[in-house]
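Spelled out from the first residue to the last, the chains are:
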Amino acid sequence: MTALDAKRPLQLNDQGQLRHFLSLDGLPRELLTEILDTADSFLEVGARAVKKVPLLRGKTVCNVFFENSTRTRTTFELAAQRLSADVISLNVSTSSTSKGETLFDTLRNLEAMAADIFVVRHAASGAAHFIAEHVCPNLAIINGGDGRHAHPTQGMLDMLTIRRHKGSFENLSVAIVGDILHSRVARSNMLALKTLGCPDIRVIAPKTLLPIGLEESYGVRVFSDANEGLKGVDVVIMLRLQRERMTGGLLPSEGEFYRLFGLTEQRLKLAKPDALVMHPGPINRGVEIESAVADGPQSVILNQVTYGIAIRMAVLSMTMSGQNAQRQLNAVSYTHLRAHETKANL
Ligand code: CP
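Reading the values: rules and limits
Residues numbered from 1 in each chain as written. Predicted model: local features only at pLDDT ≥ 70, side-chain atom pairs only at ≥ 80, totals over all residues. Heavy atoms only, no water. Helix = DSSP H or I, 4+ residues; strand = E, 2+ residues; numbered from the N terminus. Rg over C-alpha atoms; globule rule 2.2 N^0.38 Å. Contact = heavy atoms within 4.5 Å. Areas by Shrake-Rupley, 256 points an atom, 1.4 Å probe, with all protein chains shown as cover. Lys, Arg positive; Asp, Glu negative; His and termini not counted. Charge placed at Lys NZ, Arg CZ, Asp CG, Glu CD. Buried < 20%, exposed > 50% of the residue type's maximum accessible area, 1.4 Å probe, protein only. Polar contact = N/O pair within 3.5 Å; in protein donor to acceptor, adjacent residues only side chain to side chain. Axes fitted to C-alpha atoms, helices over the stretch in contact; angles between N-to-C directions. Parallel < 35°, antiparallel > 145°, perpendicular 65-115°, else oblique. Left-handed = near helix turned anticlockwise from the far one by under 90°. Nonpolar A, V, L, I, M, F, W, Y, C, P; charged D, E, K, R; others polar. Pairing = 2+ DSSP bridges. Salt bridge = Lys/Arg side-chain N within 4 Å of Asp/Glu carboxyl O. Core = buried A, V, L, I, M, F, W, Y, C linked by side-chain atoms within 4.5 Å. Expected span 1.5 Å × (residues − 1). Near = heavy atom within 4 Å. Phe/Tyr/Trp six-rings, centres within 6.5 Å; stacked < 30°, edge-to-face > 60°.

## Details of the overall build of the protein
In terms of helices and strands, the protein carries twelve helices and nine strands. In terms of C-alpha radius of gyration, the protein reaches 21 Å, essentially the compact-globule figure of 20 Å for 346 residues. Principal-axis analysis of the C-alpha atoms places the extent of the protein at approximately 80 × 45 × 45 Å. Sequence-distant contacts, at least 24 apart, represent 75% of the contacts inside the protein between residues at least 6 apart. Put simply, the protein shows about 15,100 Å² of open surface, and 52% of that area lies on carbon and sulfur atoms. Of the side-chain charges in the protein, 38 are positive and 35 negative, and the distance between the mean point of each set is 3 Å.

So, in structure tokens, the structure goes:
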């Protein structure tokens, strides 16, 4: 467990419901299952002619993305709109952060506009925790990806994809392949798979793209030979090379990486014939995945994006319920305190 994850109770209210959604570490299996079940029920909303339910009517969701995003930001916007919330998406490149305003001051100003939920993406690991600790307690913070640390809604949409296609996590072998070292998605997926009872989690990467101590920290099996690691798996989750987070020459070349680790049609034959192919996106064709595989019959890459809307609807609505429940609990304690004080004064 990292120092950041030691702060995990911050995410839960006194009744164990979500108040923030920062990381999957320490969240119990029942809560992850509730997120998946809630998302399952929201998938039906996306298939309706009028894709709206009134759960967050009158609430304001603010997307604050300090890093680029296509899928996460757009699907959070759609999810909030489908829940009938008002949505603001801050374009950080044109906001006052580009004039020297700190993250904290930007958020304080947004807080003053009475937003209810902030969805935050930031390049620094721990940014979402920092904000959750420092903003007004009635605001829910959802982590849209922080550095290498966590991408919890991606982790949960990946779990929803696996559950919908494979039924459950028991008896599954899942391989996560590629740049594990820089991947917040890999960390969130390992934690979610472990919590949900997946018995065989394999991590496949060149030694230079593997953090040390993965086996002990996450209970996974590590392979540096892709052909060995892919044998008989039910699910392959490919990751892109995250050049933006690499500080040195960790690979001889992209061509060499593709030759040894790229998911080609030939290499996919080592997995079970009905193995799912997943990727959080953005995909780099010919770098970590062959086009024929990305677009092939085993690929569920675009399904992941659709499921992402339902997962984000679930997380937005559950954090708002958790915040409301905590507020009511605080109000009750306050009423008791006042009653006690009044009695004492008499
Ligand atoms: N999977 C993911 O986080 O994609 P974006 O960077 O486009 O949000």
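Following the structure, the description resumes.
## Observations regarding the side chain of His182
Residue placement: His182 occurs in the loop between β5 (173-177) and α6 (184-195). According to the relative accessible area criterion, His182 is buried, its value standing at 1%. Among the polar contacts made by the side chain of His182, one reaches the side chain of Asp179 at a distance of 2.9 Å.

## Here we look at the packing of helix α3 (residues 103-112) against helix α4 (residues 127-134)
Between α3 and α4, the shortest axis-to-axis distance is 11 Å and the interhelical angle comes to 50°. The angle between α3 and α4 falls in the class oblique. Of the two elements, α3 crosses α4, and the hand of that crossing is right-handed. Here Leu103, Phe104, Leu107 and Arg108 of α3 lie close against α4, whose contacting residues are Phe130, Ile131 and His134. Among the residues making up the contact of α3 with α4, the classes are represented as five nonpolar, one polar and one charged.

## Digging into the sheet that holds strand β9 (residues 276-278)
Strand order across the open sheet formed by five strands is β7-β6-β5-β8-β9, with parallel pairing between neighbours. Bordering the open sheet on either side are β7 (221-223) and β9, each of which pairs with just one other strand. On average, each strand axis in the sheet is inclined to that of its neighbour by 20°, with strand direction left out of account. Sheet analysis places strand β8 (residues 235-238) next to β9, joined by three bridges and oriented parallel. Note that in β9 the partner of Val235 across the bridge is Leu276. Packed onto the sheet, helix α5 (residues 152-166) meets β8 and β9 and runs at close to 165° relative to β9. Packed onto the sheet, α6 meets β5, β6 (200-204) and β8 and runs at close to 170° relative to β5.

## Structural notes on the pattern of salt bridges
Across all of its chains, the model carries 14 salt bridges by this definition. Note that Asp40 is salt-bridged to Arg163, the shortest N-O span being 2.8 Å. Placement of the pair is Asp40 in helix α1 (residues 29-46) and Arg163 in helix α5, with a sequence separation of 123 residues. With a relative accessible area of 25%, Asp40 lands in the partly exposed category. In this structure, Glu228 engages Lys231 in a salt bridge whose closest nitrogen and oxygen atoms are separated by 3.1 Å.

## Side note on the nonpolar core
In this structure, Ile35 and Leu316 are the most contacted members of the largest nonpolar core, which totals 66 residues. Tallying contributions element by element places helix α12 (residues 301-345) first for this core, with ten residues. If we ignore the near neighbours within four places in the chain, the residues touching Ile35 are Leu18, Phe21, Met156, Ile311, Ala314, Val315 and Met318. Judged by nonpolar contacts, the second largest core, of 24 residues, contains Phe223, Ala275, Val293 and Ala294.

## Details of α5
The terminal C-alpha atoms of α5 lie 21 Å apart, and with 15 residues this matches the ideal 21 Å at 1.5 Å per residue to within 8%. The buried count for α5 comes to twelve of 15 residues, which makes it a mostly enclosed element. Those residues of α5 lying buried are Pro152, Thr153, Gln154, Gly155, Met156, Leu157, Asp158, Met159, Leu160, Thr161, Ile162 and Arg163. One or two residues past the end of α5 sits Gly167, with phi positive at roughly 90°.

## A closer look at the site of the ligand
Taken together, the residues surrounding the ligand are Ser69, Thr70, Arg71, Thr72, Arg121, His151, Gln154, Pro280 and Gly281. A distance of 2.7 Å is found between an oxygen atom of the ligand and a backbone nitrogen or oxygen belonging to Thr70. In the environment of the ligand, an oxygen atom lies 2.6 Å from a nitrogen or oxygen atom belonging to the side chain of Thr72. Of the residues that constitute the shell around the ligand, the class distribution is one nonpolar, six polar and two charged.

## Here's the deal with the packing of aromatic side chains
Applying the stated rule across the entire model yields one aromatic pair. A centroid spacing of 5.6 Å and a plane angle of 20° characterise the contact between Phe257 and Phe261, whose relative ring orientation is stacked. Of this pair, Phe257 and Phe261 both sit in helix α9 (residues 254-261), four residues apart, which is roughly one turn of that helix. Its relative accessible area of 2% is what places Phe257 among the buried residues.

It is worth stressing that arrangement in space is one thing and function is another; only the former is reported here.
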